[in-house]
Amino acid sequence: MSSLAQERRSGVQLLSAALLPLLLLSLSGCSGMDVLMPSNINALNGSTIKIPCTFTSCYRMDATKFAMNWTYQETLNDTEVMFMTFHKKKGMVPLRSERFGDRVTFAGNLDKNDLSITLSDVQLEDEGIYNCYVKNPPDRIQGHGVIQLNVVTELPPPRDSTIAVAIGASVGGALALLILSMVVVKCLRRHRKQELISEEKMEEEGKLEADGVAEEGTKHVHPLPEDLS
């Protein structure tokens, strides 16, 4: 084999090796980095709340390259303050801050791409914007999720379903009564129709029987003898 052919073959092999991972990713349906979390969440003052954050990636997490940060800001115009980060050896590490102290703990599962946290003894001052930043090389795009935490003094009362149940029962009962009435009317009509048919049939049979008797009588009537006188 000539050197030119060998070079071409080597080039094809290198190109195939470079394109194979991309082909496998496209076949697997992976769309890259994506951070998943609700847009807002409500917490009762003094309670404990879980702030969720999960991510998807085309690649498995590598602790030597993985990076993530949780930050807080009162409004979009305020500076972000980091209160939790990922350490290559220690994993998820909460950073003590004046706002949260030691009230923030990691509540997720790195093996399942879950980066959720728990905030205990929620205060009114904890209301604000929480950012979840994720980077999982070789994904080049950094994932970013945002959630608004609203702190309330009391949760809205649950909906009273008694009225809804009563209305539903009334409507259902009326509908059942209507259906039953329609069935009864239909049965009565059918029964009346059958009676009319029977009466007509009996009248027809009686008429035929009368005609037969008359005809039979006509056959047995003898003519009167002529007056011979």
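Quantities reported herein were computed from a predicted structural model and do not represent experimental measurements.

Observations regarding the overall build of the protein
Alright, step 1. Of the regular secondary structure elements, the protein holds two helices and 11 strands.
Alright, step 2. Each helix and strand of the protein, placed in order from N terminus to C terminus, yields the pattern α-β-β-β-β-β-β-β-β-β-β-β-α.
Alright, step 3. Among the 229 residues that make up the protein, the fraction classed as buried is 21%.
Alright, step 4. Counted over contacts in the protein with a minimum sequence separation of 6, partners at least 24 positions apart contribute 58%.
Alright, step 5. Split by element, the accessible area of the protein, about 17,100 Å² in all, is 58% carbon and sulfur.

A closer look at the state of the cysteines
Alright, step 1. A full pass over the atoms with the stated rule returns one disulfide.
Alright, step 2. One disulfide bridge connects Cys 53 with Cys 132, the sulfur atoms lying 2.2 Å from each other. The S-S bond linking Cys 53 to Cys 132 shows a torsion near -80°; that makes this disulfide left-handed. One end of the pair, Cys 53, is in the loop between β3 (49-51) and β4 (54-56); the other, Cys 132, is in strand β10 (residues 128-135), with 79 residues separating them in the sequence.
Alright, step 3. We classify Cys 53 as buried; its relative accessible area is 0%.
Alright, step 4. Since its relative accessible area comes to 0%, Cys 132 is described here as buried.

Overview of the pairing of strand β6 (residues 81-87)
Alright, step 1. As defined by bridge partners, strand β5 (residues 67-73) adjoins β6 across four bridges and the pair is classed as antiparallel. Its bridge partner being in β6, Asn 69 is matched across the sheet by Thr 85.
Alright, step 2. In this structure, β6 lies alongside strand β7 (residues 91-94), joined through four bridges in antiparallel fashion. Opposite Thr 85, over in β7, you have Val 93 as the bridge partner.
Alright, step 3. Taking the residues between adjacent antiparallel strands as the criterion, β6 and β7 are bridged by three residues.

Structural notes on the pattern of salt bridges
Alright, step 1. Taken as a whole and judged by the stated rule, the model has two salt bridges.
Alright, step 2. With its nearest N and O atoms 2.8 Å apart, the salt bridge here joins Glu 74 to Arg 99. Of the two residues, Glu 74 sits in the loop between β5 and β6 while Arg 99 sits in the loop between β7 and β8 (104-106), which places them 25 residues apart along the sequence.
Alright, step 3. The class of Glu 74 is partly exposed, set by a relative accessible area of 47%.
Alright, step 4. Its relative accessible area of 29% is what places Arg 99 among the partly exposed residues.

Structural notes on the nonpolar core
Alright, step 1. Residues Trp 70, Phe 83 and Tyr 130 are the most contacted members of the largest nonpolar core, which totals 29 residues.
Alright, step 2. For this core, the elements supplying multiple residues, two or more each, are β2 (40-44), β3, β5, β6, β9 (117-119), β10 and β11 (143-152).

Quick notes on unusual backbone geometry
Alright, step 1. Pro 137 connects to Pro 138 through a cis peptide bond whose omega is 10°.
Alright, step 2. Notably, Asn 113 is not glycine yet its phi reads approximately 60°, a positive angle.
Alright, step 3. Backbone geometry at Asp 121 places phi at a positive 50°, although glycine is not the residue there.

Here's the deal with the side chain of Arg 103
Alright, step 1. Mapped onto the elements, Arg 103 comes out in the loop between β7 and β8.
Alright, step 2. Engagement of the side chain of Arg 103 in a polar contact is seen with the backbone oxygen of Asp 121, the distance being 3.0 Å.
Alright, step 3. Leaving out residues up to four positions away in the same chain, Arg 103 has contacts with Thr 118, Leu 119, Ser 120, Asp 121, Val 122, Gln 123 and Asp 126.

Let's talk about the sheet that holds β6
Alright, step 1. Across the sheet, six strands lie side by side as β2-β11-β10-β5-β6-β7; this open sheet has mixed pairing. Each having just a single partner strand, β2 and β7 make up the two edges of the open sheet. Looking at each pair of strands side by side, their axes are set apart by 20° on average, direction ignored.

Some remarks on the environment of Thr 75
Alright, step 1. Looking at the secondary structure, you find Thr 75 in the loop between β5 and β6.
Alright, step 2. Residue class for Thr 75 comes out partly exposed when judged on its relative accessible area of 37%.
Alright, step 3. It is 9.5 Å that separates the C-alpha atoms of Thr 75 and Glu 127, two residues lying 52 residues apart in sequence.

What counts, and where the lines are drawn
Residues numbered from 1 in each chain as written. Predicted model: local features only at pLDDT ≥ 70, side-chain atom pairs only at ≥ 80, totals over all residues. Heavy atoms only, no water. Helix = DSSP H or I, 4+ residues; strand = E, 2+ residues; numbered from the N terminus. Buried < 20%, exposed > 50% of the residue type's maximum accessible area, 1.4 Å probe, protein only. Contact = heavy atoms within 4.5 Å. Areas by Shrake-Rupley, 256 points an atom, 1.4 Å probe, with all protein chains shown as cover. Disulfide = S-S within 2.5 Å. Pairing = 2+ DSSP bridges. Salt bridge = Lys/Arg side-chain N within 4 Å of Asp/Glu carboxyl O. Core = buried A, V, L, I, M, F, W, Y, C linked by side-chain atoms within 4.5 Å. Polar contact = N/O pair within 3.5 Å; in protein donor to acceptor, adjacent residues only side chain to side chain. Axes fitted to C-alpha atoms, helices over the stretch in contact; angles between N-to-C directions.

Function-wise, these values are silent; they only describe arrangement.
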